[in-house]
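As a plain string of letters, each chain reads:
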Amino acid sequence: MNISIFGTGYVGLVSGACLAEVGHNVVCMDVDPVKIEKLKTGILSIWEPGLEALVEHNVMEGRLRFTTDAAHAVQHGQVQFIAVGTPSDEDGSADLQYVLAVAESIARHMQDYKVIVNKSTVPVGTADKAQARVAQVLAERGVKILFDIVSNPEFLKEGAAVNDFLKPERIIVGTESERAQTLMRELYEPFNRNHERTIFMDARSAELTKYAANAMLATKISFINEMANLAERLGADIEEVRKGIGADSRIGYHFIYPGCGYGGSCFPKDVKALVHTAQQVGYDAQLLQAVEAINDIQKTTLFTKLAAHFGGEAQLVGKTIAVWGLAFKPNTNDMREAPSCTLMEALWQSGAIVQAYDPVAMEEAGRIYGKHAGLTLCGDKYSALQGADALAICTEWQQFRAPDFAEMATNMRSKVIVDGRNLYQPQKLQAEGWIYFSVGRTAPSSATTHRMVESS
Ligand SMILES: NC(=O)c1ccc[n+]([C@@H]2O[C@H](COP(=O)([O-])OP(=O)(O)OC[C@H]3O[C@@H](n4cnc5c(N)ncnc54)[C@H](O)[C@@H]3O)[C@@H](O)[C@H]2O)c1
């Protein structure tokens, strides 16, 4: 099938490359000429496992092309995907200007029947808005051309996006048009060979399914973080609790890892947008507001622990803090809403300086913070520790899981680790002379107090 995709970010580019991989002819359109020029020469602005090779392969095979020409893209595809950003507006609502601009552009150039498929995460009712916008432009043009709007939210995870797209757990298609359903069935047929993964529903339910999924995942994270904060204060170990509750098949082990909060381009904005949608229909979404509030606090936990360790915020002036992990999660260079940003900005505010390392997000950090006086980007994880007063771990990259602690100790000014991802065994590190803080496990000072109380 001929397919056009508007937007070549995480969703657009991954979708384009994967749809080309299964044999479709794909044209990807973006308004960013620099991005498109780079893509034409095989340079990707995002880092995603397996994506570069997939893009290269399909470009070579002639099934994947890039353009900034909207008219050309509209003419090419019978199916037109919208995969542009829906950032948070000031009031927390999703900003639909890019989605509607694409719908308008398709309407302006289309000459025959099109299925307009929205992959961006959009509030319930957006399909109706897009329908009205396209109809309005066609009326202005004085033409009668049939079209369908389909809601087809994307569930890929950054860091595993290619695999998720090629082997989806489910494909949600929101439309009541039989013509559009037939085309969508054909489009996704290569992904359903093993068993049927497509779930058809109405557009509104499809739109809400995406928000409900992200809200559920964010809720799991905030829930375990709340338990972790309780465990810390009660002298319990959240890692034991996690195993204990995960063993219950009704709960399961997925997505209940305590940490320094969720980030990324989706959970924070999608939870906010759903709270806003609820307000608009007169419903006070208390659980979602709590999920967001807990996460906001959790993102400050590393800073709070560092400040407490050094005897208050004022004592952070002139301290050097090593930061391992800048991306909001492993296997991506995406730093949007990353806990590392919250931490570094708080440290700079207090007069500390940061020596940071991330396996793939260094360029992205340079792009965001430029030549910030308080930030040194280091070539590897050990050089980031040189002369550091403490190490803070923000992302659970594999290469941080089993470091050489002896080498770390020789590089650092003091043996202090504040771990936002619970990578190490507290007893082991304490036995080796480290002061080790993690999430939801008894902090060093109170551990000592407990032991003293027990022995007396
Ligand atoms: N990133 C994820 O993991 C993920 C997962 C599922 C769903 N989503 C949703 O998918 C949507 C896109 O997310 P993303 O992370 O790919 O965004 P992104 O910011 O990485 O990319 C968006 C792209 O759209 C382009 N664009 C903007 N206006 C355009 C226009 N009029 N025509 C063509 N291109 C245009 C931008 O230049 C940019 O390259 C969002 O709604 C997001 O919530 C994202």
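Before reading on, note that the structure itself is shown above.
Structural notes, computed from the coordinates. It should be emphasised that the depicted structure is a prediction, and the values quoted were computed from it without experimental measurement.

Cut-offs and rules
Chains are numbered independently. Their residues run from 1 in the order of the written sequence. The predicted nature of this model means local features are confined to residues of pLDDT at least 70 and side-chain atom pairs, given and counted, to a pLDDT of 80 or more, with totals for whole chains, interfaces and linings taken over all residues. Side-chain measures here rest on the full set of heavy atoms in the structure, leaving out hydrogens and waters. Runs of H or I in DSSP of at least four residues are treated as helices and runs of E of at least two as strands, each being numbered from the N terminus. Our radius of gyration is a C-alpha quantity, and the globule rule it is checked against amounts to 2.2 Å times the number of residues to the power 0.38. Only protein chains enter the calculation, and the probe is 1.4 Å; a residue is then buried if its accessible area is under 20% of its type maximum, exposed if over 50%, and partly exposed in between. Between two residues, a contact is recorded if the distance between any of their heavy atoms is within 4.5 Å. Only the protein chains shown count as cover for residues, and the accessible areas themselves come from Shrake-Rupley with a 1.4 Å probe. For the purpose of charge, His is not counted, nor are the chain termini; Lys and Arg are scored as positive and Asp and Glu as negative. Taken as the charge centre is NZ of Lys, CZ of Arg, CG of Asp or CD of Glu, depending on the residue. When at least one non-hydrogen atom of a residue lies within 4 Å of a molecule or strand, that residue is treated as near it. The definition of a polar contact used here is a pair of N or O atoms within 3.5 Å, where within protein one atom must be able to donate a hydrogen and the other to accept one, and adjacent residues in sequence count solely through side-chain atom pairs. Two strands form a pair only when DSSP identifies at least two bridges running between them. For helices, the fitted axis covers only the stretch in contact; all axes are lines through C-alpha atoms, and the angles between them, taken along N-to-C directions, range from 0 to 180 degrees. Counted as salt bridges are all cases of a side-chain nitrogen of Lys or Arg within 4 Å of a carboxyl oxygen of Asp or Glu. Multiply 1.5 Å by the residue count of a helix minus one, and that product is the helix's expected span. To pair, rings of Phe, Tyr and Trp, with the six-membered ring standing in for Trp, must have centres within 6.5 Å; the planes then decide the type, stacked if under 30 degrees apart, edge-to-face if over 60, and tilted in the middle. We call a charge positioned over a ring when the NZ of a Lys or the CZ of an Arg lies within 6 Å of the ring centre and within 35 degrees of the ring normal. The crossover handedness rule: strands pointing away from the viewer, path from first strand over the helix to second strand clockwise, crossover right-handed.

## Regarding the overall build of the chain
Counting its secondary structure elements, the chain contains 18 helices and 14 strands. Against the compact-globule benchmark of 23 Å for 456 residues, the chain has a radius of gyration of 24 Å, which places it among compact chains. For the chain, the spread of C-alpha atoms along the three principal axes comes to 85 × 45 × 45 Å. Buried residues in the chain amount to 54% of all 456 residues. Counting contacts in the chain only where the partners sit at least 6 residues apart, residues at least 24 apart contribute 72% of the total. Looking at the chain as shown, the accessible area adds up to about 20,400 Å², and 53% of this sits on carbon and sulfur atoms. Across the chain, the centroid of the 43 positively charged side chains sits 2 Å from that of the 54 negatively charged ones.

## Section: the site of the ligand
Inspection of the region around the ligand gives 26 residues, with Asp30, Lys35, Thr86, Glu158 and Lys269 positioned closest. Taking Val11, its main chain carries an N or O atom lying 2.9 Å from an oxygen atom of the ligand. Here Glu158 contributes a side-chain N or O atom positioned 2.7 Å from a nitrogen atom of the ligand. Burial of the ligand by the surrounding chains reaches 88%, relative to a free accessible area of 840 Å². Counting only elements with at least two residues in the shell around the ligand, the list comes to α1 (10-21) and α5 (97-109).

## Here we look at the sheet that holds strand β13 (residues 416-419)
Sheets are built from strands paired through backbone hydrogen bonds, the pairs being either parallel or antiparallel. Strand order in the open sheet formed by six strands is β11-β10-β9-β12-β13-β14, and the pairing between neighbours is parallel. Whereas interior strands pair on both sides, the edge strands pair on one side only; in this sheet they are β11 (375-377) and β14 (435-437). Shown here is a sheet whose adjacent strand axes are inclined to one another by a mean of 20°, direction ignored. Across three bridges, β13 lies against β14 in parallel orientation. In the strand pairing of β14, Val418 is matched with Phe437. Together, β9 (320-324), β12 (390-393), β13 and β14 form the strand contacts of helix α13 (residues 301-309), whose direction differs from that of β13 by roughly 155°. Contacts between helix α15 (residues 362-369) and the sheet are confined to β10 (353-357) and β11, with β11 contributing the most and set at about 155° to the helix.

## Section: the pattern of salt bridges
What the rule picks out here adds up to 22 salt bridges. The partner of Asp334 in a salt bridge is Arg336, with the nearest N and O atoms 3.0 Å apart. The partly exposed category is assigned to Arg336, whose relative accessible area is 42%. Linked by salt bridges that have partners in common, Glu104, Arg108 and Arg133 make up one network.

## Re helix α11 (residues 267-280)
With 14 residues, α11 extends 20 Å from end C-alpha to end C-alpha; this agrees with the ideal 20 Å at 1.5 Å per step. Taken across its 14 residues, α11 has ten buried, putting it largely inside the fold. Those residues of α11 that are buried are in contact with α9 (203-234) and α12 (286-298). After α11 finishes, the residue Gly282 shows a positive phi value of roughly 75°.

## Quick notes on the packing of aromatic side chains
The description of two aromatic rings rests on the distance between their centres and on the angle between their planes. Throughout the structure, instances matching the rule amount to ten aromatic pairs. Consider the rings of Trp324 and Phe400, whose centres lie 5.0 Å apart with planes at 20°: the pair is stacked. One end of the pair, Trp324, is in strand β9; the other, Phe400, is in the loop between β12 and α16 (405-411), with 76 residues separating them in the sequence. Summarising the burial analysis for this pair, Trp324 and Phe400 share the class buried. Joined through ring pairs, the aromatic side chains of Phe405, Tyr424, Trp434 and Tyr436 make up one cluster. Directly above the ring of Tyr113 sits Arg179, whose terminal nitrogen or CZ lies 3.4 Å from the centroid.

## Considerations on unusual backbone geometry
Backbone geometry places Phe255, a non-glycine residue, at a positive phi of 60°. The residue Phe255 is located in the loop between α10 (238-246) and α11 in this model. Given a relative accessible area of 31%, Phe255 falls into the partly exposed group. In the Ramachandran plot, Glu337 falls in the positive-phi region, its phi being about 55° despite a non-glycine side chain.

## Comments concerning the pairing of strand β5 (residues 114-118)
Burial of β5 is extensive: five of the five residues sit out of reach of the surface. Both faces of β5 are covered, namely the face carrying Lys114, Ile116 and Asn118 and the face carrying Val115 and Val117. Examined bridge by bridge, strand β4 (residues 79-82) and β5 share four bridges and lie parallel to one another. The residue of β5 that forms the bridge with Ile82 is Asn118. Each parallel crossover has a hand, and the one from β4 via α5 to β5 is right-handed.

## Points about the environment of Asn118
In this fold, Asn118 is placed in strand β5. As for Asn118 and Ile149, which are separated by 31 residues in sequence, their C-alpha atoms are 7.5 Å apart. Filtering out sequence-adjacent residues up to four positions away, Asn118 remains in contact with Ile82, Val99, Val150, Ser151, Asn152 and Pro153.

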